[in-house]
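Residue strings, one per chain:
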Amino acid sequence: MTDFAAIRNLFHITESCGFDVKELQSWISRYGSIPEVLKDYYLELGAHPQLNGSQDFLIKPKDFHQYENDDYLIFYFENQGACVWGIRREDLAASNPPVYENYGKEEWYQTSESLTEFLHAMAYFQAVISMELSNEEYWQIDEQVVEGIKMMFSSKEADSGLYTGVQFYGQVGEVIVVMNNRDGYLLMFSAEDEQRFDALYATLLRLVDGGGRGEAG
């Protein structure tokens, strides 16, 4: 079985919260097989609501038929339907294949080198939305602020090409997300309790130069 310990620890999951293997059977039959990592994820963690639905959404077994595609197995979609993520049909026999992203056009872009990379990155992205306290809006930041974050905070080792590229930092009980955005970056952060959040907020605010904060344009 695939090791999802980091995701379990992030969301404090101690028991199985997955779907029954029977619910996946029609999907498996439709494509001939699905990657071992994806199957394990659905069986162990797929039904956890915050992990799989705080921002974007893991496709539920009852909805598989809505996302059938001849060339890709689609398993995740953006909250407003702007894009979907999937696995190339020719990669389905692999245990841990790369993940591709599509914005409603013919071309698909590789967003993660493996399923495990994608699932861990998405878990941190969901966590920054679902934790008790967050800055609630993206701050626009520049390269200097990003370099300061890299120096002051530990990497979560979950960076990914998700969306336009994301990096994750912070200690236990907090998540800092740095996302590529046009000519700069967007910053969002959260923590599990007020003490952690207040300290995080103060530190990041000091890094931001001259009021260069605000909502994404």
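All values derive from a computational prediction rather than experimental measurement.

1. Focus: the overall build of the chain
Then step 1. Looking only at helices and strands, the chain has seven helices and 10 strands in total.
Then step 2. For 217 residues, the compact-globule estimate of 2.2 N^0.38 gives 17 Å, and the chain sits close to it at 18 Å.
Then step 3. Viewed in the frame of its principal axes, the chain has a C-alpha envelope of about 55 × 40 × 25 Å.
Then step 4. Residue burial in the chain is summarised as follows: out of 217 residues, 51% are buried.
Then step 5. Of the contacts made within the chain by residues no fewer than 6 positions apart, 56% connect residues no fewer than 24 positions apart.
Then step 6. Element-wise, carbon and sulfur atoms account for 45% of the exposed surface of the chain, whose accessible area totals about 10,800 Å².

2. Observations regarding the packing of aromatic side chains
Then step 1. Counting across every chain of the model gives 22 aromatic pairs.
Then step 2. Judged by centre distance (3.8 Å) and plane angle (15°), the ring pair of Trp27 and Phe64 falls under stacked. Taken together, the residues span a long stretch of sequence, with Trp27 in helix α2 (residues 21–31) and Phe64 in the loop between β1 (57–58) and β2 (72–77) at a distance of 37 residues.
Then step 3. Trp27 sits in the buried class, given a relative accessible area of 4%.

3. A word on the packing of helix α6 (residues 143–152) against helix α7 (residues 194–207)
Then step 1. One can describe the packing of α6 onto α7 by two numbers: an axis separation of 9 Å at closest approach and a directional angle of 135°. Relative to α7, α6 is oriented oblique. In the packing of α6 onto α7, the handedness of the crossing is right-handed. Facing α6, whose interface residues are Val145, Gly148, Ile149 and Met152, α7 presents Thr203, Leu204 and Leu207.
Then step 2. When the residues that make up the contact of α6 with α7 are grouped by side-chain class, the tally is five nonpolar, two polar and no charged.

4. Some points on the layout of surface pockets
Then step 1. Roughly 360 Å³ of internal volume is contained in the largest pocket.
Then step 2. Looking at the largest pocket, it is lined by 17 residues, and the ones nearest its centre are Tyr138, Tyr163, Met179, Asn181 and Leu186.
Then step 3. Ranked by residues supplied to the lining of the largest pocket, first place goes to strand β9 (residues 174–181) with three residues.
Then step 4. Its residues assigned to classes, the lining of the largest pocket shows nine nonpolar, six polar and two charged.

5. A few points about the environment of Tyr169
Then step 1. Position of Tyr169 relative to the elements: it lies in strand β8 (residues 166–169).
Then step 2. Put simply, Tyr169 and Glu68 are 101 residues apart on the chain and 35 Å apart in space, counted from C-alpha to C-alpha.
Then step 3. Setting aside chain neighbours within four positions, we find Tyr169 in contact with Ile149, Lys150, Phe153, Ser154, Ser155, Lys156, Glu174, Val175, Ile176 and Val178.
Then step 4. A polar atom in the side chain of Tyr169 sits 2.5 Å from the side chain of Gln167.

6. Some details on the pattern of salt bridges
Then step 1. Per the stated rule, a full pass over the model turns up eight salt bridges.
Then step 2. Residue Arg30 pairs with Asp70 through a salt bridge whose shortest N-O separation is 3.6 Å. Of this pair, Arg30 sits in helix α2 while Asp70 sits in the loop between β1 and β2, and the two are 40 residues apart along the sequence.
Then step 3. For Arg30, a relative accessible area of 28% puts it in the partly exposed group.
Then step 4. Among the salt bridges present, the one from Glu90 reaches Arg88, with a minimum N-O distance of 3.9 Å.
Then step 5. Look at the salt bridges and you will find they share partners, linking Arg30, Glu68 and Asp70 into a network.

Rules of the game
What you see as residue numbers is a count from 1 along each chain, following the sequence as written. The predicted origin of the model limits local features to residues at a pLDDT of at least 70 and limits the giving and counting of side-chain atom pairs to 80 or more, whereas totals for whole chains, interfaces and linings rest on all residues. Only hydrogens and water are set aside; all other atoms, that is, all heavy atoms of the structure, feed into the side-chain values. What counts as a helix is a DSSP run of H or I of at least four residues, what counts as a strand is a run of E of at least two, and both are numbered from the N terminus. Atoms counted for the radius of gyration: C-alpha only. Globule rule: 2.2 Å times the number of residues to the power 0.38. In this scheme, a residue with accessible area under 20% of its type's maximum is buried, one over 50% is exposed, and one in between is partly exposed, where area comes from a 1.4 Å probe on protein chains only. The criterion used for residue contact is that any of the two residues' heavy atoms lie within 4.5 Å. To be clear on the numbers: accessible area is Shrake-Rupley with a 1.4 Å probe, and residue cover counts the displayed protein chains and nothing else. Pairing of aromatic side chains here covers Phe, Tyr and the six-membered ring of Trp, requires ring centres within 6.5 Å, and sorts the geometry by plane angle: under 30 degrees stacked, over 60 edge-to-face, intermediate tilted. What counts as an axis is a line fitted to C-alpha atoms, over the stretch in contact for a helix, and the angles between N-to-C directions run from 0 to 180 degrees. Each angle gets one of four labels, with under 35 degrees taken as roughly parallel, over 145 as roughly antiparallel, 65 to 115 as roughly perpendicular, and the rest as oblique. Throughout, a crossing is termed right-handed when the near helix is turned clockwise from the far one, and left-handed when it is turned anticlockwise from it by less than a right angle. Throughout this entry, Asp, Glu, Lys and Arg are counted as charged residues, while Ala, Val, Leu, Ile, Met, Phe, Trp, Tyr, Cys and Pro are counted as nonpolar. The remaining residues, Gly among them, count as polar. The rule is simple: put a 1 Å grid over the protein atoms alone, call a set of points where a 1.4 Å probe fits but cannot get out a cavity, call an open set with protein on both sides within 12 Å along at least five of seven lines a pocket, and count a residue as lining if it has an atom within 4 Å of a point. Grid points are joined across faces, edges and corners, and a volume is the space filled by probe spheres set on the points. Any pair of N or O atoms that falls within 3.5 Å is considered a polar contact. Within protein, one atom must be able to donate a hydrogen and the other to accept it, and sequence-neighbouring residues count only if both atoms are side-chain atoms. A carboxyl oxygen of Asp or Glu within 4 Å of a side-chain nitrogen of Lys or Arg is what we treat as a salt bridge.

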